[in-house]
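# Descriptive structure summary
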Amino acid sequence: MDFTVETATAAVVESFKNTEDPRLRQVLESLTRHLHDFVRDIEPTMQEWEAAIDFLTAVGQKCDDTRQEFVLLSDVLGVSMLVETLNGAEHGTESTVLGPFHMTVSPRRELGDSIDLLSTGRPCVISGRVTSADGTPLPGVELDVWQCSEDGFYDVQQPDVQPPGNGRGLFRTDDEGRFWFRSVVPSHYPIPTDGPVGRLLEATGRHPFRPAHVHFIASADGHQPVTTHVFVAGSPYIESDAVFAVKRGLITDFTESHDTQDADRFGVTAPFTHATFDIVLATAPEATS
Ligand code: BEZ
Ligand code: FE
């Protein structure tokens, strides 16, 4: 059969008919259909097609051990959040993007430790409790936490200014599922714009900023791990996150506390900034069947 605009899709779909893995076959057939429909819809010129190939080539060439431009592209197109949301647990804390700065192993820390190794910022305490969906407190939950500085940079972005591990910590909840640690209030910040994704944002009049947040991964045996953030209520860009990652339920007040008992308990002096973030872990699918 001649390859025409009308017959193209059937010809390519047919070419995958011997694919042994049924999921791979389903994915490739769907990819072909959507890609062909997209091309028929926009009818690119040859120059536009070459520009698209050049763009994707530049995205690949920007990647190295510490920079993942494809993930960034997926983030700004909302694909990362779509995949997260499709895979999120129904009965637990909502998940959101992992982001590109979870690239080093967080240092093990004790409850109450500070993740702010510079001690130059406004002191802030983040505390909460991890429970299962039925409200049972979960002891020994591993909490991987990472955040940027008050100036909006992660440690890996400022190796000359911040010691490795600044803004990061690996904690374990206590016997009653509680956790608390000291930090600084993170800032909103721009995602990296010195690559092709930055050029895409500029060409489309989009800003590169993310609202202030602290990243968490919570994992416990028998439960579905959750990758999430606590967002600082009132932060600039909370309504227009460049990577579409804000979920209402994750926005939390970072309030000034004058509670001297709490201050003693947390090892700070009042007044201090305090945020409470409780995490619910859904039962792992294999544990329910
Ligand atoms: C982050 O929150 O660290 C992040 C997420 C997506 C893109 C860039 C940064
Ligand atoms: Fe971040």
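Above: the structure in question.
Residues numbered from 1 in each chain as written. Chains lettered and ligands numbered in written order. Predicted model: local features only at pLDDT ≥ 70, side-chain atom pairs only at ≥ 80, totals over all residues. Heavy atoms only, no water.

## Here we look at the overall build of the protein chain
Each helix and strand in the protein chain was counted, giving eight helices and 12 strands. Each principal axis of the C-alpha atoms in the protein chain carries an extent, and together these give about 80 × 45 × 30 Å. Counting all 289 residues of the protein chain, 43% fall into the buried class. As displayed, the protein chain offers around 15900 Å² of accessible surface, 54% of which is attributable to carbon and sulfur atoms. Treating the 21 positive side-chain charges of the protein chain as one cloud and the 44 negative ones as another, the clouds have centres 1 Å apart. (Helix = DSSP H or I, 4+ residues; strand = E, 2+ residues; numbered from the N terminus. Buried < 20%, exposed > 50% of the residue type's maximum accessible area, 1.4 Å probe, protein only. Areas by Shrake-Rupley, 256 points an atom, 1.4 Å probe, with all protein chains shown as cover. Lys, Arg positive; Asp, Glu negative; His and termini not counted. Charge placed at Lys NZ, Arg CZ, Asp CG, Glu CD.)

## A word on the pattern of salt bridges
Counted under the stated rule, the structure contains 14 salt bridges. Between Glu69 and Arg67 there is a salt bridge; the shortest N-O distance is 2.8 Å. We note a salt bridge from Arg168 to Asp155, for which the minimum N-O separation is 2.7 Å. Linking Arg168 in strand 3 (residues 168-172) with Asp155 in the loop between strand 2 (142-147) and strand 3, this pair joins segments that are 13 residues apart in sequence. (Salt bridge = Lys/Arg side-chain N within 4 Å of Asp/Glu carboxyl O.)

## Some words on the nonpolar core
With 40 residues, the main nonpolar core has Ile126, Leu143, Phe216, Ile279 and Leu281 as its most contacted residues. Contributing elements (two or more residues each) for this core: helix 4 (69-76), strand 1 (123-132), strand 2, strand 4 (178-184), helix 6 (196-203), strand 7 (213-219), strand 8 (226-232) and strand 12 (279-281). Tallying contributions element by element places strand 8 first for this core, with four residues. Once residues lying within four places of it in the same chain are set aside, the contact partners of Ile279 are Thr93, Arg129, Val130, Thr131, Leu143, Phe216, Ala218 and Val226. Core analysis: the next-biggest nonpolar cluster, separate from the first, contains six residues, Phe101, Cys148, Tyr154 and Ile217 among them. (Core = buried A, V, L, I, M, F, W, Y, C linked by side-chain atoms within 4.5 Å. Contact = heavy atoms within 4.5 Å.)

## What to know about the site of ligand 1
Close contacts around ligand 1 come from Leu72, Asp75, Gly99, Pro100, Phe101, Tyr154, Tyr189, Ile191, Arg210, His213, His215 and Val243, and that covers them all. His213 places a side-chain nitrogen or oxygen 3.1 Å from an oxygen atom of ligand 1. Across the complex, the protein chains shield 100% of the 260 Å² of accessible surface that ligand 1 would expose by itself. The set of elements that each furnish at least two residues to the shell around ligand 1 consists of helix 4 and strand 7. By residue class, the composition of the shell around ligand 1 is seven nonpolar, three polar and two charged. (Near = heavy atom within 4 Å. Polar contact = N/O pair within 3.5 Å; in protein donor to acceptor, adjacent residues only side chain to side chain. Nonpolar A, V, L, I, M, F, W, Y, C, P; charged D, E, K, R; others polar.)

## Points about helix 6
Think of an α-helix as 3.6 residues a turn; residues three or four steps apart then line up on the same face. Inspection of helix 6 places Pro196, Val197, Gly198 and Leu201 among the buried residues, and these make up the whole buried set. Buried positions along helix 6 lie against helix 3 (46-62) and helix 4. Positive phi shows up at Gly205, right after helix 6, with a value of about 65 degrees.

## Re the coordination of the iron ion (ligand 2)
Distances from the iron ion (ligand 2) to its protein donors, Tyr154 (OH), Tyr189 (OH), His213 (NE2) and His215 (NE2), fall within 1.9 to 2.2 Å. Taken together, the six donor atoms surrounding the iron ion (ligand 2) define angles of 53 to 162 degrees at the centre, an arrangement classified as irregular. Spacing between the donor residues of the iron ion (ligand 2) along their common chain follows Y-x34-Y-x23-H-x1-H. (Donors = N, O, S within 2.8 Å, 3.2 Å for Na, K, Ca; no water. Tetrahedral: all angles 85-135°; square planar, octahedral: opposite > 155°, others 65-115°.)

## Some thoughts on a nonpolar patch on the surface
Together, Leu31, Leu35, Phe38, Val39 and Ile42 make up a nonpolar patch on the protein surface, roughly 440 Å² of accessible area in all. Turning to its location among the elements, Phe38 is positioned in helix 2 (residues 22-42). A residue is classified by how much of its surface remains accessible, and Phe38, at 47% relative accessible area, is partly exposed. (Patch = residues over 30% accessible without salt bridge, like charges linked within 9 Å, V, L, I, M, F, W, Y side chains within 5 Å.)

## Observations concerning the pairing of strand 7
Burial runs high along strand 7: six of the seven residues are buried. Sheet topology note: the strand 2/strand 7 ladder contains six bridges and is antiparallel. In the strand pairing of strand 7, Gln147 is matched with Val214. Relative to strand 8, strand 7 runs antiparallel, the two sharing six bridges. Looking across to strand 8, one finds that Val214 is bridged to Val230. Linking two consecutive strands that pair antiparallel, namely strand 7 and strand 8, is a turn of six residues; a positive phi of about 75 degrees is found at Gly222 within it. (Pairing = 2+ DSSP bridges.)

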